[in-house]
Amino acid sequence: MNDAATIATRAETFDVEAIRVEFPILATEMQGRPLVYLDSAASTQKPRAVIDALARVYEADYANIHRGIYDLSQRASAMHDEARRKVERFINARDWREIVFTRNATEAINLVAQCFTAAKLGPGDEILVSEMEHHANIVPWQMIAEAKGAKVVAAPVTDAGELDLEAFERLIKPETRMIATVWVSNVLGTINPVTEIVGLAKAHGIPVLIDAAQAVQHLPVDVQTLDADFIVFSGHKLYGPSGVGVLWGKAAHLDAMPPYQGGGDMIERVSFSGTTWNEIPFKFEAGTPDIAGIIALGAAIDFVERIGIEAIARHEAELLGYGTRAIQQVPGLRLIGTAPEKASVLTFTLEGAHPQDIGMMLDLDGIAIRTGHHCAMPLHERFGLSASARASFGVYNTTGDIDALTKSLHRVAGMFQ
Ligand code: PLP
């Protein structure tokens with residue numbers, strides 16, 4: 001049986017065609033061709049259930065939350081609160097109060113940097129990250145390090161794109177005040193050994209943040225089992241709307257931290273002689289949140305749970321295997337990131353062709369991939385590159401999408417070599 005047939009057989013309980021029907025955008029065209037969407041690592045497309053949830057809130061259930069005594073406001077508040085409970089269940093948090101809604105993963109990391117880590121930093125102190133971090137897990141640490149005379153240290157990545165765990169451990173020093181690493185690399189696809197990383201951090205008594213922006217949509221995430229101090233992710237990469245992110249933090253940390261921003265909702269009592277803070281998580285949620293977006297994130301979680309994250313992971317692993325074998329047949333193609341533990345990301349360069357040109361040529365065939373540095377300049381530098389091309393898969397992708405990609409890449413290779 002060929003690869004595609006094997007996948008079709010295994011997919012009996014996972015009906016990708018039925019799933020595709022739930023995503024209206026997949027029926028649209030790009031450049032007059034059927035859309036082949038291979039940029040889910042940048043942002044996933046949205047299922048009908050999420051689009052409908054957003055529309056329904058504005059059509060029938062919308063009012064500001066936690067403020068109004070009237071029925072509509074109470075209803076919107078209840079739906080918003082239920083979404084927090086869904087996040088709590090989805091990541092197996094101990095308590096809904098540990099779930100803070102932010103704009104995105106980026107804001108969640110900035111919140112931890114400014115409200116948790118900054119106060120612990122002095123001159124000469126260090127924050128340990130890795131070379132494969134997204135800029136969102138580098139720059140917020142650089143900003144507080146610069147203000148405090150501390151520095152950000154990056155653990156190296158091997159040629160295969162794996163974290164060098166021995167070097168990582170050697171870089172943990174008495175000066176290390178915080179560890180922050182990505183669970184799944186948005187460029188390499190590498191799934192990092194987060195259990196070991198958290199174990200090392202704990203053994204040295206150092207708080208650890210895990211950037212799960214590329215993990216929650218691909219793997220089961222259980223925050224109690226992992227036992228990190230903070231975990232962050234964005235709704236828009238989890239089939240939810242943009243504008244909503246999640247910070248999970250241990251209640252004891254969140255309780256002890258000062259607020260991030262001041263304003264409505266985050267206070268207990270305001271007076272000109274002094275103001276006191278609301279309880280967690282509201283202490284970190286100043287102002288009116290993205291009410292409809294948060295409710296729709298709840299719908300996205302329902303969607304993922306209905307299919308099952310394990311089934312999604314299996315489907316994507318099969319696509320990754322199929323895609324890896326297929327694109328490696330393209331002459332002059334160099335795959336960046338060949339770790340054995342990988343999520344569904346294929347990053348590559350093509351001899352003689354600038355990634356920008358690859359992206360433009362594929363666009364003409366209706367294929368959407370990402371080109372550039374993917375917000376990971378230090379990682380590209382590590383591999384001697386300024387840019388690369390990236391195809392990434394989600395729950396709705398098929399072997400047909402990969403066949404289209406491979407065919408197009410053969411055409412591009414033929415033109416540039
Ligand atoms: N971390 C990783 C690994 C990412 O891939 C991304 C986005 O691509 C982020 C953080 C930042 O996510 P956002 O832009 O939604 O804040």
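Since the model is a prediction, treat every value here as computed from it, not as a measurement.

Overview of the sheet that holds strand S16 (residues 370-372)
Adjacent strands of a sheet pair through backbone hydrogen bonds, lying either parallel or antiparallel. Spatially, the four strands line up as an open sheet ordered S13-S14-S17-S16, and their pairing is antiparallel. With one partner strand each, in any of the chains shown, strand S13 (333-336) and S16 form the two edges of the open sheet. Each strand of the sheet is rotated relative to its neighbour by a mean of 30°, with strand direction disregarded. Bridge count between S13 and strand S14 (residues 345-350): four bridges; the pairing is antiparallel. Bridge assignment links Leu333 to a residue of S14, and that residue is Leu350. Here helix H12 (residues 309-327) sits on the sheet and contacts S13 and S14; the angle it forms with S14, its principal contact strand, is near 10°.

Describing the site of the ligand
Neighbouring the ligand are 13 residues; Thr106, Asp211, Ser234, His236 and Lys237 lie closest to it. Here an oxygen atom of the ligand sits 3.4 Å away from a polar atom, N or O, in the main chain of Ala105. Between the ligand and Ser234 there is a distance of 2.6 Å, counted from an oxygen atom to a side-chain nitrogen or oxygen. Protein coverage of the free-state accessible area of the ligand, which is 390 Å², stands at 88%. Residues belonging to the shell around the ligand are distributed by class as follows: four nonpolar, seven polar and two charged.

Structural notes on the sheet that holds strand S10 (residues 245-249)
In space, the seven strands of this open sheet follow the order S4-S10-S9-S8-S7-S5-S6, with mixed pairing throughout. At either margin of the open sheet sits one strand with a lone partner, and together these are strand S4 (99-102) and strand S6 (151-155). Across this sheet, the average inter-strand angle for adjacent strands is 20°, counted without regard to direction. As judged from the three bridges shared by strand S8 (residues 208-211) and strand S9 (residues 230-234), these two strands associate in the parallel manner. Along S9, the bridge assignment pairs Asp211 with Val232. Of the strands in this sheet, strand S5 (126-130), S6, strand S7 (176-182) and S8 touch helix H6 (residues 139-148), which is tilted by about 140° from S6. Sheet strands in contact with helix H8 (residues 194-203) are S7 and S8, and its direction is about 165° off that of S8.

Brief notes about H8
Turning to H8, its buried residues number three or more, namely Val194, Ile197, Val198, Leu200 and Ala201. Along the axis of H8, the buried positions cluster into a sector of 160°, meaning they face one direction only. Exposed residues on H8 whose side chains face more than 90 degrees from its buried face are Thr195 and Ala203. Packing partners of the buried residues in H8 comprise helix H7 (165-170), S7, S8 and helix H9 (223-226). At the C-terminal side of H8, Gly205 shows a positive phi close to 65°.

Some words on the packing of aromatic side chains
Inspection of every chain in the model, using the stated rule, returns nine aromatic pairs. For the ring pair Tyr58 and Tyr62, a centre distance of 5.3 Å and an interplane angle of 40° mean the geometry is tilted. For Tyr62, a relative accessible area of 36% gives the class partly exposed. An aromatic cluster of three or more residues is present, and its members are Phe23, Tyr37, Tyr239, Phe303 and Tyr396. Of note, Lys120 hangs over the ring of Phe116, and the distance from its end group to the ring centre comes to 4.3 Å.

Concerning the domain arrangement of the protein
Buried accessible area, meaning the area lost when the parts come together, often serves as the stated size of an interface. In terms of domain boundaries, the protein breaks down into domain 1 (4-46 + 308-416) and domain 2 (52-305). Relative to domain 2, the C-alpha centre of domain 1 lies at a distance of 28 Å. Between domain 1 and domain 2, the contact holds 41 residues from the first and 35 residues from the second. Taking both sides of the interface into account, the surface hidden between domain 1 and domain 2 amounts to around 2,900 Å²; carbon and sulfur atoms contribute 58%. Among the residues of domain 1 in contact with domain 2, Ile309, Leu379 and Arg382 are the three that bury the most area, contributing 20% of the side total. On inspection of domain 1 and its partner domain 2, the count reaches two salt bridges. Between Arg382 and Glu131 there is a salt bridge, and its shortest N-O distance comes to 3.8 Å. Summed over the shared surface of domain 1 and domain 2, the result is 25 residue pairs in polar contact (both at pLDDT 80 or more). When residues of the side of domain 1 that touches domain 2 are traced back to their parent elements, those giving at least two are H12, S14 and helix H14 (377-382). A class-by-class count of the residues in the side of domain 1 that touches domain 2 yields 21 nonpolar, 12 polar and eight charged.

A closer look at the environment of Ala150
Its place among the elements puts Ala150 in the loop between H6 and S6. With near-sequence residues (within four places) excluded, Ala150 lies in contact with Leu121, Gly122, Gly124, Asp125 and Ala145.

Quick notes on the environment of Glu279
Inspection of the secondary structure puts Glu279 in the loop between strand S12 (276-277) and helix H11 (291-307). What makes Glu279 exposed here is its relative accessible area of 56%.

Re empty space enclosed by the protein
Taken as a whole, this structure holds two cavities of 30 Å³ or more when the rule is applied. When its volume is computed, the largest cavity comes out at roughly 50 Å³. Considered class by class, the residues forming the lining of the largest cavity number four nonpolar, seven polar and one charged. When residues of the lining of the largest cavity are assigned to domains, at least three map to each of domain 1 (4-46 + 308-416) and domain 2 (52-305). If you add up the space inside the second largest cavity, you get close to 30 Å³. Arg94, Val223, Gln224, Asp227, Trp248 and Lys250 are the residues that line the second largest cavity. Across the lining of the second largest cavity, the residue classes tally to two nonpolar, one polar and three charged.

So, how was this worked out
- Residues numbered from 1 in each chain as written.
- Predicted model: local features only at pLDDT ≥ 70, side-chain atom pairs only at ≥ 80, totals over all residues.
- Heavy atoms only, no water.
- Pairing = 2+ DSSP bridges.
- Helix = DSSP H or I, 4+ residues; strand = E, 2+ residues; numbered from the N terminus.
- Axes fitted to C-alpha atoms, helices over the stretch in contact; angles between N-to-C directions.
- Contact = heavy atoms within 4.5 Å.
- Near = heavy atom within 4 Å.
- Polar contact = N/O pair within 3.5 Å; in protein donor to acceptor, adjacent residues only side chain to side chain.
- Areas by Shrake-Rupley, 256 points an atom, 1.4 Å probe, with all protein chains shown as cover.
- Nonpolar A, V, L, I, M, F, W, Y, C, P; charged D, E, K, R; others polar.
- Buried < 20%, exposed > 50% of the residue type's maximum accessible area, 1.4 Å probe, protein only.
- Arc of directions from axis to C-beta.
- Phe/Tyr/Trp six-rings, centres within 6.5 Å; stacked < 30°, edge-to-face > 60°.
- Lys NZ or Arg CZ within 6 Å of the ring centre and 35° of its normal.
- Domains from an automatic or database assignment.
- Buried area = accessible area lost by both parts, 1.4 Å probe.
- Salt bridge = Lys/Arg side-chain N within 4 Å of Asp/Glu carboxyl O.
- 1 Å grid on protein atoms, 1.4 Å probe; cavity = no way out; pocket = protein on both sides within 12 Å on 5 of 7 lines; lining within 4 Å.
- Points joined across faces, edges and corners; volume = space filled by probe spheres on them.

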